[in-house]
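# Survey of secondary and tertiary structure
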Amino acid sequence: MTQRKIWLCDHRGRNAVVVLVTRRRVAPIGHRDAAGAQVCFCRCIKSTANTSFDSLLRRHGQSEALAQALVNGDPELDLEVAGRETGACDRVYLGHDGKPLYSATMLEVICDPDGNEIQRRSPEMVPANLVPECAPVWSGKLLSCREAIARFAFTRAYQVRHGNALEYDFLHGLAAHIEERDSLVLVGSGPRGTGPLIPERNALPMKGFLAGKTQGQTYRLVLYLAAFELRKPEAKT
């Protein structure tokens, strides 16, 4: 279980530092294998360094020859390795020759909307801002669920939980307020509470939306994070 904290503000001007919880995905209880054991998720090998695009291109010399080899057979697939469970993994950076890089220099590559590189620079250290230095601000901006799904690509979801009775009262009231309006409320940084959220250091800036439900004395608050806004491509004339 991964836990992190966020500083939230509500419509009443109250604020509190509460817990965000995410759990590892588990298979539904009803899914069983042939032996009757419960199904679980695992990380498997997809390809090796010898079957990467750069390695295959070096082996065949030209892209046309590689394309024909892919049509004639499956050089990109190692039947002895593909599909095996990996277990714990460490990340290793490789060069164009497929050999490990022992003293790599990290660079941030900036591209335009068409994917063309326009700038290279040293990466900047951007701190997380879920618990900012100054008190958060209630944005008051509501968005219907239908509009949010159509406009944003949600990539993360955290359940918001309390740690004591005061936080429970705060979060229950916040969930009830959101539920009454049948909408999502924008949660962000900055003087207006509409800026991006950065969940961890050097992470992508994301837009945060809170969804709330109540049932008697119980509540459920979920923070959805969207890394991308969906937009129609502009027509080229």
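Look above for the structure.
## Examining the pairing of strand β8 (residues 207-215)
If a strand is regular, its side chains alternate between the two faces of the sheet. Pairing geometry for strand β7 (residues 184-187) and β8, over three bridges, is antiparallel. Bridge pairing in β8 links V187 to G208. Across nine bridges, the pairing between β8 and strand β9 (residues 218-229) is antiparallel. Directly across from L210, in β9, lies its bridge partner L223. In this structure, the hairpin formed by β8 and β9 is closed by a connection of two residues, where G216 is found at a positive phi of approximately 70 degrees.

## Topic: the nonpolar core
Ranked by size, the top nonpolar core spans 23 residues in total, and within it L8, V160, L171, L210 and L221 carry the most contacts. Mapped by element, the contributors of at least two residues to this core are β1 (2-9), β2 (15-22), β6 (152-161), α4 (165-181), β7 and β9. Every residue in contact with V160, bar those within four places of it in the chain, is listed here: L8, V18, V19, L20, L171, L210, Y219, L221 and L223. Counting residues in hydrophobic clusters, the runner-up holds eight residues, among them L143, F152, L186 and F209.

## Some words on the pairing of β7
Residues L184 and L186 line one face of β7 and the alternating positions V185 and V187 line the opposite face, and both faces are buried. With two bridges joining them, strand β5 (residues 142-143) and β7 adopt antiparallel strand pairing. Residue pairing in the sheet places L142 in a bridge with V185 of β7.

The rules behind these values
- Residues numbered from 1 in each chain as written.
- Predicted model: local features only at pLDDT ≥ 70, side-chain atom pairs only at ≥ 80, totals over all residues.
- Heavy atoms only, no water.
- Pairing = 2+ DSSP bridges.
- Helix = DSSP H or I, 4+ residues; strand = E, 2+ residues; numbered from the N terminus.
- Core = buried A, V, L, I, M, F, W, Y, C linked by side-chain atoms within 4.5 Å.
- Buried < 20%, exposed > 50% of the residue type's maximum accessible area, 1.4 Å probe, protein only.
- Contact = heavy atoms within 4.5 Å.

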